[in-house]
Amino acid sequence: QVQLVESGGGLVKPGGSLRLSCVASGSILRVFAMGWYRQAPGKQRELVATITSGEVGKINYADSVKGRFTISMDNARNTVYLQMNSLRPEDTAVYYCNANLITTATTGDFWGQGTQVTVSS
C-alpha cells in the first residue's frame, strides 16, 4: 500500500514562515504529480499548489498563495515540500498532501492525514 506522511505544521505568527514536507512510500512504481491542499474550519478543501514529476515540473498555485508559497519536489525521494512565507491568519487550515501515482496494484490519488497550520499572534 501507499503512505503519505506530512510534517512541518505548527503555530506561527503573522508574517512568519513554515516548511511542510510530505513523503510518499510503499509499492510505488511512478509518481506523476504531488501537491498540497488545505481545509479551513467550515470550508471546503481547496488546492494550494501542485507540481508534476520530472526534471522540470509543471507548477500550479492558487491565486491566494502566489508570491508567498513555493512548492518543490525531490523525485528520487518521492517527497514534496511547501515553503510558506509571509503567512497570514487566513492561511490557517489543515494542510493535506496529495500524490497521483501508480503502484504495483493500482493507479490514482492518495492523501495524507493532514498537518495543522495555525497563523495567529
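Let me sum up the structure you'll find in this document. Just so it is clear, the structure is predicted and the values come from calculations on it, not from any experiment.

## Looking at the overall build of the protein
And step 1. The helix and strand tally for the protein stands at zero helices and 11 strands.
And step 2. Secondary structure of the protein in N-to-C order comes out as β-β-β-β-β-β-β-β-β-β-β.
And step 3. A compact globule built from 121 residues would reach a C-alpha radius of gyration of about 14 Å, and the protein, at 14 Å, matches this within 12%.
And step 4. With the C-alpha coordinates of the protein rotated into their principal frame, the extents come out at 45 × 30 × 20 Å.
And step 5. The burial tally for the protein puts 42% of its 121 residues in the buried class.
And step 6. For the protein, restricting intrachain contacts to residue pairs at least 6 apart in sequence, the fraction spanning at least 24 positions comes to 54%.
And step 7. Within the protein, the 8 negative side-chain charges are centred at a point lying 3 Å from the centre of the 11 positive side-chain charges.

## Let's talk about the state of the cysteines
And step 1. Overall, the coordinates contain one disulfide when judged by the stated rule.
And step 2. Note on cysteine connectivity: Cys-22 is disulfide-linked to Cys-97, with sulfurs 2.0 Å apart. Here the disulfide of Cys-22 and Cys-97 is left-handed, its torsion about the S-S bond being about -80°. Taken together, the residues Cys-22 in strand E3 (residues 18-26) and Cys-97 in strand E9 (residues 93-103) connect sequence positions 75 residues apart. Summarising the burial analysis for this pair, Cys-22 and Cys-97 share the class buried.

## Notes on the pairing of strand E5 (residues 46-52)
And step 1. In terms of strand pairing, strand E4 (residues 28-39) meets E5 through six bridges, oriented antiparallel. Directly across from Met-34, in E5, lies its bridge partner Ile-51.
And step 2. The pairing of E5 with strand E6 (residues 59-61) spans three bridges and is classified as antiparallel. Residue pairing for E6: Ala-49 is matched across the bridge by Tyr-61.

## Observations concerning the environment of Val-119
And step 1. Its location among the elements puts Val-119 in strand E11 (residues 115-119).
And step 2. Val-119 gets classed as buried once you look at its relative accessible area, which sits at 4%.
And step 3. Taking the C-alpha atoms as reference points, Val-119 and Ser-72, 47 residues apart in sequence, are found 22 Å from one another.
And step 4. Not counting chain neighbours up to four residues away, the residues in contact with Val-119 comprise Val-12, Lys-13, Pro-14, Leu-87, Arg-88, Pro-89, Asp-91 and Thr-92.

Reading guide: rules and limits
Numbers given for residues are sequential positions, taken from 1 along each chain in its written order. For a predicted model such as this one, the threshold for reporting local features is a pLDDT of at least 70, and the threshold for listing and counting side-chain atom pairs is 80 or more; totals across whole chains, interfaces and linings nevertheless cover every residue. With hydrogens and water stripped out, all remaining heavy atoms of the structure feed into the side-chain values. A helix here means a DSSP run of H or I that spans at least four residues, while a strand means a run of E at least two residues long, and both kinds are numbered starting from the N terminus. As a reference, a globule follows 2.2 Å times the number of residues to the power 0.38, and the radius of gyration itself is taken over C-alpha atoms. Only protein chains enter the calculation, and the probe is 1.4 Å; a residue is then buried if its accessible area is under 20% of its type maximum, exposed if over 50%, and partly exposed in between. Whether two residues touch is decided by their heavy atoms; if any such pair falls within 4.5 Å, the residues are in contact. Charge assignment in this entry is limited to Lys and Arg as positive and Asp and Glu as negative, and neither His nor the chain termini are counted. Charge positions are represented by NZ for Lys, CZ for Arg, CG for Asp and CD for Glu. Cysteine sulfur atoms are paired as a disulfide whenever they fall within 2.5 Å. Only strands that DSSP links by at least two bridges are regarded as paired with each other.

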